[in-house]
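Listed here are the chains, written in short residue letters.
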Amino acid sequence: RKLAGISQVEAPMRRVTQSIYICILLVAATTTATTAPITTTIKKTPFIERSTNILPLRRTQAKPVSFDSIERGGAAEMSTEKKGLPDGMKLLIGAGGIYAAFLYYGSLMEDVFRYTAEDGSQFKQAWFLQVLEAFANVFVGFAGMQLTGATKGIPKTMFAVSGASQVSAKAMTTLALANGLSFPVATLAKSGKMAPVMAGSLLLGGASYSMREYLQVVAIIGGTAIVSMSKKKSGGASTTLGVVYIVLSLVLDGVTAGVQKRLKTETAKAGVKPKPYDFMFWTNLFMACTACVIALVLGEFTSGMSYCSANPEIYSKIIRFAACSAVGQSFIFYTIANFDPLVLSTVTTTRKIFSVLLSILLKGHALSAQGWAGIALACSGILSELQAKSSGKGSKAH
């Protein structure tokens, strides 16, 4: 590396960039192939000739294509051209990519905020981290948008509001981790984001919910509270400030949900239908801009770069963390393009549960019987919510 002039910081960035580019090409190429318009080739016949000296051929020699022949044989010809990866393989690619990217993403996030330098200092620059993650997603979103085609006439204002609220919610989550809240508790708490959405809809939208939906939210929040209290009793580092930050994150999730509904309305009024990579690029662009402004105001750019320069090990973890976020988002969009939203909901919901269990088993989190009871209660609420979605959309499932 010294002979090539590549520092310890530049080397992982190059490897990650190459890996991201390969994943973009794989996902975009497969998505384009599966969503490309199907064309039926019709052989030209000399039934109509411009020359007056040549008579039309008899029907026994060359039949022109009729609607009846299309109905009988067209389906077979079209299905032949539609050949591609089987659904099982597509699901394996989509779900496998989401699991691999986001399970590693969660592990790296926890490693970043549990890292301790030789002088005893820890990484606290949550907004600086959001800048790097958002720009990684902007890079992948832009590349995917170029490959699949950009949508013109997209209303940018609501994208800006959505991006600002989303990055703020993510920053609050990372701040919760930076201030001592354990990763399992934070992940379970984020699974209860339906609570602020329901509260906002009840207060502002006049919505109504079933008793089952209320019980699901109570189970998730109650289970999370039990795990949090259990870790406090066992000497864990779940702090009050961390809990405050995760509550703020949930509130901002509720705001984001309302903004995204407004965004769909605005795009419909404008007569445009943004593609997945349009959403990824524009949302993350405004997320990056928001995070940049706040990081500059708080001075996290200089402190974050200084900390990473002094600790190259954590810098490589952050780069991989941002890359996992971008690659995972690409696989999410791939799954959306090929399957019913219920499939994506199943994959992402079960991924959260596995993230919690892996963190407990691999990161040395000690749980008492009370803590495991809280995990079971919260997971039952998450799975109940998933089962309700499944029964409500059973006819639409892929």
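The structure reproduced in this document is the subject of the present report. (Residues numbered from 1 in each chain as written. Predicted model: local features only at pLDDT ≥ 70, side-chain atom pairs only at ≥ 80, totals over all residues. Heavy atoms only, no water.)

Scanning the protein from N- to C-terminus turns up 14 helices and 0 strands. Buried positions account for 43% of the 398 residues belonging to the protein. Looking at the protein alone, contacts between residues at least 24 apart form 86% of all its contacts between residues at least 6 apart. In the structure as shown, the protein presents an accessible area of about 21200 Å², 64% of it carried by carbon and sulfur atoms. (Helix = DSSP H or I, 4+ residues; strand = E, 2+ residues; numbered from the N terminus. Buried < 20%, exposed > 50% of the residue type's maximum accessible area, 1.4 Å probe, protein only. Contact = heavy atoms within 4.5 Å. Areas by Shrake-Rupley, 256 points an atom, 1.4 Å probe, with all protein chains shown as cover.)

So, about the packing of aromatic side chains. Per the counting criterion, the structure on display carries 11 aromatic pairs. An aromatic cluster of at least three residues, connected via ring pairs, comprises Phe142, Phe281, Trp282 and Phe286. Directly above the aromatic system of Trp282 lies the positively charged group of Lys156, at a separation of 4.6 Å from the ring centroid. (Phe/Tyr/Trp six-rings, centres within 6.5 Å; stacked < 30°, edge-to-face > 60°. Lys NZ or Arg CZ within 6 Å of the ring centre and 35° of its normal.)

Right, let's talk about a nonpolar patch on the surface for a bit. Together, Val243, Val247, Val251 and Val255 line one region of the surface with nonpolar side chains, adding up to about 280 Å² of accessible area. Locating Val251 in the fold gives a position in helix H9 (residues 240-269). The partly exposed category is assigned to Val251, whose relative accessible area is 46%. (Patch = residues over 30% accessible without salt bridge, like charges linked within 9 Å, V, L, I, M, F, W, Y side chains within 5 Å. Salt bridge = Lys/Arg side-chain N within 4 Å of Asp/Glu carboxyl O.)

This part covers the nonpolar core. Of all hydrophobic cores here, the largest spans 60 residues; its most connected members are Phe113, Phe123, Trp127 and Ile375. Among the elements that line this core, the one with the most residues is helix H12 (residues 312-338), at 9 residues. Look past the residues within four positions of Phe113 in its chain and what remains in contact with it is Gln122, Phe123, Leu129, Thr174, Leu177 and Ala178. One finds Val140, Met145, Met158 and Phe333 within the second-largest nonpolar core, a separate group that totals 16 residues. (Core = buried A, V, L, I, M, F, W, Y, C linked by side-chain atoms within 4.5 Å.)

Moving on to the packing of helix H10 (residues 276-298) against H12. Put simply, H10 and H12 touch, their axes get as near as 10 Å, and they point 150° apart. The angle between the axes of H10 and H12 places the two elements in the roughly antiparallel class. Here H10 runs over H12; the crossing is right-handed. Facing H10, whose interface residues are Pro276, Tyr277 and Met280, H12 presents Ala326, Gln329, Ser330 and Phe333. (Axes fitted to C-alpha atoms, helices over the stretch in contact; angles between N-to-C directions. Parallel < 35°, antiparallel > 145°, perpendicular 65-115°, else oblique. Left-handed = near helix turned anticlockwise from the far one by under 90°.)

Before going further, it helps to examine the side chain of Thr256. Checked against the element boundaries, Thr256 lands in helix H9. Residues contacting Thr256, with those up to four places away along its chain left out, are Ser165 and Gln166.

Next up on the list: the packing of helix H4 (residues 126-148) against helix H11 (residues 300-310). Remark: H4 packs on H11, axes separated minimally by 8 Å, with the N-to-C direction vectors making an angle of 80°. Considered as vectors, H4 and H11 are oriented roughly perpendicular to each other. Where H4 approaches H11, its residues Ala126, Trp127, Phe128 and Val131 are matched on the opposing element by Glu300, Phe301, Gly304, Met305 and Cys308. Taken together, the residues that form the contact of H4 with H11 break down as 7 nonpolar, 1 polar and 1 charged. (Nonpolar A, V, L, I, M, F, W, Y, C, P; charged D, E, K, R; others polar.)

A side chain with one charge can pair with a side chain of the opposite charge if their charged atoms come near. Scanning the entire structure with this criterion turns up 4 salt bridges. The partner of Arg114 in a salt bridge is Glu110, and the shortest N-O contact between them spans 3.5 Å. Of the two residues, Arg114 and Glu110 both sit in helix H3 (residues 87-114), 4 residues apart, roughly one turn of that helix. Arg114 gets classed as partly exposed once you look at its relative accessible area, which sits at 44%. Linking Lys190 and Asp253 is a salt bridge whose minimum nitrogen-to-oxygen distance equals 2.6 Å. Highlighted residues: Lys190 in helix H6 (residues 183-190) and Asp253 in helix H9, separated in sequence by 63 residues. No difference in accessibility class separates Lys190 from Asp253, as the two residues are buried.

Taking 1.5 Å of rise per residue, 23 residues should cover 33 Å, and H4 covers 33 Å from first to last C-alpha, within 8% of that figure. Taken from the residues just after H4, Gly149 is the one with a positive phi, measuring 95°. (Expected span 1.5 Å × (residues − 1).)

Under the 1.5 Å per step criterion, the end-to-end length of H9 is 44 Å for 30 residues, consistent within 8% with the ideal 44 Å. Within the sequence span of H9, burial applies to Gly242, Tyr245, Ile246, Ser249, Leu250, Asp253, Gly254, Thr256, Val259, Leu263 and Thr267. Positive backbone phi, approximately 75°, marks Gly271, located one or two places after H9.

What follows is about the environment of Ala136. Counting through the fold element by element, Ala136 comes out in helix H4. A C-alpha to C-alpha distance of 8.8 Å links Ala136 and Ile319, two positions 183 residues apart in sequence. Other than its neighbours up to four places away in sequence, Ala136 contacts Ala322 and Ala326.

On to the environment of Asp119. With respect to the secondary-structure elements, Asp119 resides in the loop between H3 and H4. In this structure Asp119 comes out as exposed when scored by relative accessible area, which is 64%. A polar side-chain atom of Asp119 sits 2.7 Å from a polar atom in the side chain of Ser121. (Polar contact = N/O pair within 3.5 Å; in protein donor to acceptor, adjacent residues only side chain to side chain.)

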